[in-house]
Amino acid sequence: MQNLISKTPISRINYRYDVNFLRALSVIAVVFYHADIKYFGGGWLGVDVFFVISGYLISNIIISDINNGKFKFKHFYLRRVRRILPALFSTIIFSIPFAYTLLQPKGLLEFSRSLISSVFFYSNLFFRNLDFYNSSSAKTMPLLHTWSLGIEEQFYIIFPIIFLVFFKKLRNNSAFIFFVILLFSILLNGTNQTDDKFYYIQFRLWEFMIGVLIMFLNKIYKNNILKTLGLLIVLSSFVIFDDSMINQIEPKLVALFGVLMFLVFGSDNSILNSTIQSKSLNIIGNISFSMYLLHQPIFSFYRIYDEKRLSSFESIEKFFLIIILLILSYISWKYIEQYFINTKHLNLLLLFLLISLLIIIFFYFGTINSNGFEERYSFVPEEVIFYSLNTNIYPDNSPSNLIYWRDFKCFDGDCNFTNSNNKKTIYILGDSHANIFTVSILRNSKELSKEYNIAVK
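The structure presented is a predicted model; accordingly, all values stated were derived computationally and were not measured.

Criteria and cut-off values
Residues numbered from 1 in each chain as written. Predicted model: local features only at pLDDT ≥ 70, side-chain atom pairs only at ≥ 80, totals over all residues. Heavy atoms only, no water. Helix = DSSP H or I, 4+ residues; strand = E, 2+ residues; numbered from the N terminus. Patch = residues over 30% accessible without salt bridge, like charges linked within 9 Å, V, L, I, M, F, W, Y side chains within 5 Å. Areas by Shrake-Rupley, 256 points an atom, 1.4 Å probe, with all protein chains shown as cover. Salt bridge = Lys/Arg side-chain N within 4 Å of Asp/Glu carboxyl O. Lys, Arg positive; Asp, Glu negative; His and termini not counted. Charge placed at Lys NZ, Arg CZ, Asp CG, Glu CD. Pairing = 2+ DSSP bridges. Axes fitted to C-alpha atoms, helices over the stretch in contact; angles between N-to-C directions. Disulfide = S-S within 2.5 Å. Buried < 20%, exposed > 50% of the residue type's maximum accessible area, 1.4 Å probe, protein only. Core = buried A, V, L, I, M, F, W, Y, C linked by side-chain atoms within 4.5 Å. Contact = heavy atoms within 4.5 Å. Polar contact = N/O pair within 3.5 Å; in protein donor to acceptor, adjacent residues only side chain to side chain. Parallel < 35°, antiparallel > 145°, perpendicular 65-115°, else oblique. Left-handed = near helix turned anticlockwise from the far one by under 90°. Nonpolar A, V, L, I, M, F, W, Y, C, P; charged D, E, K, R; others polar. Phe/Tyr/Trp six-rings, centres within 6.5 Å; stacked < 30°, edge-to-face > 60°. Lys NZ or Arg CZ within 6 Å of the ring centre and 35° of its normal.

### Focus on unusual backbone geometry
Glycine aside, residues mostly have negative phi, and peptide bonds are mostly found in the trans state. A positive phi angle, near 60°, is found at Phe-121, a position not held by glycine. Looking at the secondary structure, you find Phe-121 in the loop between helix 4 (105–119) and helix 5 (123–128). Although it is not a glycine, Phe-373 sits at a positive phi angle of roughly 50°.

Here's what the structure looks like:
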């Protein structure tokens, strides 16, 4: 491997059309996948491509600055703040009015918790531990996609420290060390068969490391056939694979091998180069971060709106939503992303972030303290609101279940609620729905408690 690494000092990459082209293809794949557009069953691989690009660009920034003696943690993290937080915060604030209007109390509570996890970059951990069985559909979770930002930000926080240690102390062997980290992360995937592989950074680290190794190769080796083949592999991966393989590593290995070939090899093929430098795709690549941030809230809220109308997500609606997404993404990129990346007024950036954070935190506590602003549903019986918020609730010895029945015993999952004078027993058999029904009886059937015991099987 050491023979493949360029011996020339690594300098900052100003712009690469093929990297921006990959961004465009990846965000299109992700958007089409979440819009349920046919033939994009593997569009989720676009996120994996983004991880490679991040590893490539971030490692180049760090090494080039080290080589120039200019690397400072403060400057590195300030660039990340400028790049990510304004667009993320504005997307969240854009989502809040729709969430308040469209989400029921339980859904709004989940949204608010996911909102805080997104702001503080642990959303991958939040969604991994979310009880999806009793939660909203993944397609109607407006901030579900921020799990990937959680992983990226954790990488940005940890990686520079590790990189400085390895690159400064073991400069000649640093590429080999990062290759070992890549292999170790791949092996970890083989030892785990749970959803941890989807959400936790240790199982995704190898994808960033591919980007780091691409950066170490440094030179662009001219080979039209291999570059074209790499592009075809990436495009084919978006089409061939589907949801059934989303937790498997094989589709990712195939797609990211294609990414490696596409970025390592250059081309003098005029047709391929003109495609890569296409103006329209170049614009989509530029706005790809805003597109990624906005697409899930737009699709989720519209799906919820459709459900309220007892309608379905039709092709013509998808077309118009994608047009709206492109327009809003361009506005976000031009007037939020670009402005805060380039502004020299640091105080203005900090003021924007502070006001945004206060709005987000105020909304979060307002939601938590009001049970998802349940007063919006004052026309709905209180008991209906309670059970919509407390799904999969089980009868137990909590005081609210023992208002009318004084004695409680459980044995091997069978629970009995009794009063000493009662001679008759009502037996309730069933699943989690029967448990909820039982809780309702225990809390509301005062007259029944005077004559009957309750046995739950």
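Don't stop here, the text continues.
### Focus: a negative patch on the surface
Taken together, the side chains of Glu-374, Glu-375, Glu-382 and Glu-383 define an acidic patch exposed on the protein surface. Residue placement: Glu-375 occurs in the loop between helix 16 (346–369) and helix 17 (382–389).

### Examining the sheet that holds strand 5 (residues 424–428)
Ordered by their spatial adjacency, four strands build an open sheet running 3-4-6-5, and the pairing between neighbours is mixed. The open sheet has two free edges, formed respectively by strand 3 (407–411) and strand 5, since each of these has just one partner strand. Across this sheet, the average inter-strand angle for adjacent strands is 20°, counted without regard to direction. Inspection of the sheet shows strand 5 paired to strand 6 (residues 452–456) by five bridges, in the parallel sense. Directly across from Thr-425, in strand 6, lies its bridge partner Asn-453.

### Observations regarding the state of the cysteines
Counted by the stated rule, this structure contains one disulfide. Cys-410 shares a disulfide with Cys-415; S-S distance 1.8 Å. Its S-S torsion of approximately 85° makes the covalent link between Cys-410 and Cys-415 right-handed. Accessibility expressed as a relative area gives 43% for Cys-410, which makes it partly exposed. With a relative accessible area of 9%, Cys-415 lands in the buried category.

### Points about the nonpolar core
Core analysis: the largest hydrophobic core is formed by 116 residues, its most contacted members being Ile-62, Phe-111, Leu-115, Phe-159, Phe-163 and Phe-216. One finds Trp-405, Ala-434, Ile-441 and Val-456 within the second-largest nonpolar core, a separate group that totals ten residues.

### Overview of the environment of Asp-195
For Asp-195, the position within the fold is in the loop between helix 7 (174–190) and helix 8 (196–199). Taking the C-alpha atoms as reference points, Asp-195 and Asn-129, 66 residues apart in sequence, are found 9.8 Å from one another. Those residues within four positions of Asp-195 in sequence are excluded, and the remaining contacts are Arg-128 and Asn-247. A polar contact of 2.8 Å, which involves the side chain of Asp-195, links it to the side chain of Asn-247.

### Quick notes on the packing of helix 1 (residues 17–34) against helix 2 (residues 45–67)
The N-to-C vectors of helix 1 and helix 2 enclose an angle of 155°; their axes lie 8 Å apart at closest approach. When the axis of helix 1 is compared with that of helix 2, the two are roughly antiparallel. Here helix 1 runs over helix 2; the crossing is left-handed. Of the residues in helix 2, those in contact with Val-19, Leu-22, Arg-23, Ser-26, Val-27 and Val-30 of helix 1 are Gly-46, Val-47, Val-49, Phe-50, Ile-53, Tyr-56 and Leu-57. Looking at the contact of helix 1 with helix 2, its residues break down into ten nonpolar, two polar and one charged.

### A word on the pairing of strand 4 (residues 414–418)
On strand 4, burial follows the alternation: Cys-415 and Phe-417 on one face are buried, whereas Asp-414, Asn-416 and Thr-418 on the facing-out side are not. Where strand 4 lies against strand 6, three bridges are found, and the strand directions are antiparallel. By the bridge assignment for strand 6, Asn-416 is matched with Ala-455.

### Here's the deal with the packing of aromatic side chains
Under the criterion given, the structure shown has 32 aromatic pairs. Ring geometry for Phe-71 against Phe-73: centres 5.2 Å apart, planes inclined by 80°, an arrangement best described as edge-to-face. Taking the relative accessible area as the measure of exposure, Phe-71 reaches 15% and is therefore buried. A connected cluster of aromatic rings, assembled from ring pairs, spans Phe-51, Trp-147, Phe-155, Tyr-156, Phe-159, Phe-178, Phe-198, Tyr-199, Phe-208 and Phe-216. Lying over the aromatic face of Phe-198, Arg-204 brings its terminal NZ or CZ to 5.0 Å of the ring centre. Positioned above the aromatic ring of Tyr-100, the side-chain terminus of Arg-376 is 5.1 Å from the ring centre.

### Describing the pattern of salt bridges
Evaluated as defined, the whole model comprises 15 salt bridges. Here Arg-16 makes a salt bridge to Asp-18, at a shortest N to O gap of 2.7 Å. What makes Asp-18 buried here is its relative accessible area of 8%. Among the ionic pairs, Arg-309 bridges to Glu-317, the shortest N-O distance being 3.2 Å. Residue Arg-309 is classed as partly exposed on the basis of its relative accessible area of 41%. A relative accessible area of 13% means that Glu-317 is categorised as buried.

### Looking at the packing of helix 3 (residues 73–102) against helix 15 (residues 315–342)
Packing of helix 3 against helix 15 leaves a shortest axis separation of 9 Å and a crossing angle of 135°. If you check the angle between helix 3 and helix 15, you find them oblique. When you trace helix 3 past helix 15, the crossing you get is right-handed. Across the interface between the two elements, Arg-82, Arg-83, Pro-86, Ala-87, Ser-90 and Phe-94 of helix 3 pack against Leu-328, Ile-336, Glu-337, Phe-340 and Ile-341 of helix 15. Looking at the contact of helix 3 with helix 15, its residues break down into seven nonpolar, one polar and three charged.

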